[in-house]
Every structure is written in structure tokens, then in C-alpha cells.
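So the chains spell out like this:
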Amino acid sequence: MTDANCDAWATGDAYEAYMGRWSRRVADAFVTWLSPPPNAHWLELGCGTGALTSRICQQCDPSSIVGCDPSPSFVEHARGNLVRQGASFEVASSDELPAREGGFDLVVSGLVLNFLAQPVAAVAAMNERARSGGVIAAYVWDYAGGLEFVHHFWQEAVALDPTATPLDESARFGAWTQTHLVACFETAGLVAVETTVLDVATRFVSFDDYWLPFLGGTGPAPTYVGSLPPHSREQLARRLRARLPVAGDGTISLRARALAVRGVRP
């Protein structure tokens, strides 16, 4: 889910290969941190392919959950992979979120806010959909070096092509710190705001396991790769193969860090 024209988010299967497998791991950590009560009513902004939605269903026994995303392809993918009573998906962006009589107990968003043109307005919209005393929570990747497999990619991409510097996600989203998240939530009218750090392992079984998802055309870095001529893609792949910490068995072990925030509707 994004308002940025330079990012393509069209294909659910490609997203799963590139980011979805790691999104599910960080969703587990996020839900554990929230420690929500069972039988709650949930609303999710930017559900994507359903990584967070599925974890909520598995771990939290919700009475209902509505996942929203502006990408019809992502919503179709999520519907096809999560069939559970009380779970539903809608094509909707932050300015058209569905409402519930009495409000939702929890309104959440995973790996979305930094892509939105007006994130404070999106959090305010989430706040409006929550009941009094309801919880609003979100998390974003720590793009300032904390998402290592993406950080390595852009380091080599920019070294080869300095004109790609503005596309580097650490440059675009590096300002999204815990302090920034707190300010975003408090400006949107939330109280009792707190943050945490969520770390997960990202282990690739081979270089191809790392590299091939960048050819899928879904997400900022894959969108950039898709714009390159074949010889430039091959050169970038060679540089990354030389840069990454490849173990003797061919695996590549990296880390991914997300920053989470939650607050309460007064």
C-alpha cells in the first residue's frame, strides 16, 4: 500500500517472495508485543497479502477482523489464503476505512505508514474508527540500516548508479525513528503512546533465494531493478554476491528490525 508513484505493488505472489515471508515473522513479534485480549474486533489498514491478518487470526482469536488495502491484487491474494469466520477483506485506502457501530477494539497497520503521503491523517483516520479506549498500533521497517537485506541492495545499487540515490529507502524513510512514530501518533490525538523494537532473522538458503525476489517488480527495490537494462542487472547481482556474508553452505544470514508504536483513543 503506497501513495508513491515510483513503487509498484501489483502482484501478491511477488510480494510474498520478496517481503511477505519476513512480514509474517515481524507480525508474530508485533502481535506478541500487543498482547491483545481475545474476542476483540479488529480493523487493519494496509493488509497487503494478509501477513498480519493471518497472525491475528492464529494468535488472538478475534471476533472479527476487517483487512483493508487499496491494491485489488493484494486483497484477492489475502482472501484466497485466509478463509476464517469473522475475517473479511475490502479494497480501501486510509481515507475510506470501513466503520463499525461502537467502534473497533484495535485498529492496526503493518509496514505501511512510511509509504503514505499523509501518515498523520491516516493515523487520525484509524483513531476515528476505534472505540473510546481502543488501541491503535502500527509498525514500520527500520530503513536506516535496520533492514539489512534491503540496505545491502541499495548500497551497491547507488554505488553503480548515483542517480538512484533518491530511491534508496534509507534516504526516503530513514527519518522514521521511534521518536518520529511517537510524534505521529500524538499529533493524531492518541494518548499513552509507547514504542518498541522488533528484531527478526532473515535467512536466505542461497544467493538466488536472496536475489530472485528482486526481479519480481513489486516493491521499491524490485521496481528499480525492473527499470535496469539486462547488463546493469547482471552487474548489480555480481556486486551483491561479492558483498553479502555468504556462509560455507551458501546461506546468507541477516537481520531485519521494525519499529512499533501503540496508543489509546481518549
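In the block above lies the structure referred to throughout.
Residues numbered from 1 in each chain as written. Predicted model: local features only at pLDDT ≥ 70, side-chain atom pairs only at ≥ 80, totals over all residues. Heavy atoms only, no water.

With respect to the sheet that holds strand S6 (residues 191-204)
Then, number 1: The mixed open sheet is built from seven strands, whose spatial order is S3-S2-S1-S4-S5-S7-S6. Taken across any chain shown, the strands that pair with only one partner, and hence form the sheet edges, are strand S3 (87-91) and S6. Taken pair by pair, the neighbouring strands of this sheet meet at an average axis angle of 20°, ignoring direction.
Then, number 2: As paired elements, strand S4 (residues 104-110) and strand S5 (residues 130-141) share six bridges and run parallel to each other. In the strand pairing of S5, Val108 is matched with Ala137.
Then, number 3: Strand contacts of helix H4 (residues 119-129): strand S1 (41-45), S4 and S5, with the helix running at about 145° to S5, the strand carrying the most contacts. (Pairing = 2+ DSSP bridges. Helix = DSSP H or I, 4+ residues; strand = E, 2+ residues; numbered from the N terminus. Axes fitted to C-alpha atoms, helices over the stretch in contact; angles between N-to-C directions. Contact = heavy atoms within 4.5 Å.)

What about the packing of helix H5 (residues 148-160) against helix H10 (residues 230-243)?
Then, number 1: Following both chains from N to C, one finds H5 and H10 inclined at 130°, their axes separated by 10 Å at the closest point. On the basis of their axis angle, the class for H5 and H10 is oblique. The chirality of how H5 crosses H10 is right-handed. Every residue of H10 that contacts H5 at His152, Phe153, Gln155, Glu156, Ala157, Ala159 and Leu160 is listed here: Gln235, Leu236, Arg239, Leu240 and Arg243. (Parallel < 35°, antiparallel > 145°, perpendicular 65-115°, else oblique. Left-handed = near helix turned anticlockwise from the far one by under 90°.)

With respect to H10
Then, number 1: Taking 1.5 Å per residue as the helical rise, H10 with its 14 residues ought to reach 20 Å, and the 20 Å between its terminal C-alpha atoms agrees with that figure.
Then, number 2: All of the buried residues along H10 are Ser232, Leu236, Ala237 and Leu240. Along H10, the residues classed as buried sweep out an arc of 140° about the axis, all on the same side. The exposed set on the far side of H10, more than 90 degrees from its buried face, consists of His231, Arg238 and Ala242.
Then, number 3: The inward-facing, buried residues of H10 contact H5 and helix H8 (207-211). (Expected span 1.5 Å × (residues − 1). Buried < 20%, exposed > 50% of the residue type's maximum accessible area, 1.4 Å probe, protein only. Arc of directions from axis to C-beta.)

Examining helix H7 (residues 178-187)
Then, number 1: Within H7 the residues assigned to the buried category are Leu181, Cys184 and Phe185. Burial along H7 is one-sided: seen end-on, the buried residues are contained in an arc of 95°. Residues of H7 that are exposed and point over 90 degrees away from its buried face: Thr179 and Thr187.
Then, number 2: Residues of H7 that are buried make contact with H4, S5, S6 and strand S7 (252-264).
Then, number 3: Positive phi appears at Gly189, one or two residues downstream of H7, with a value of about 100°.

Describing the packing of aromatic side chains
Then, number 1: Counted by the stated rule, this structure contains 18 aromatic pairs.
Then, number 2: Seen from their ring centres, Phe30 and Trp33 are 6.3 Å apart, and the 45° between their planes marks the pair as tilted. Remark: Trp33 and Phe30 occur in helix H1 (residues 12-34); sequence separation between them is three residues, near one turn of the helix. Like Phe30, the residue Trp33 is buried in the burial classification.
Then, number 3: With a centroid separation of 6.5 Å and 10° between ring planes, the pair formed by Phe207 and Trp211 is classed as stacked. Here Phe207 pairs with Trp211, and both are found in helix H8, just four residues apart, close to one helical turn.
Then, number 4: Given a relative accessible area of 8%, Phe207 falls into the buried group. (Phe/Tyr/Trp six-rings, centres within 6.5 Å; stacked < 30°, edge-to-face > 60°.)

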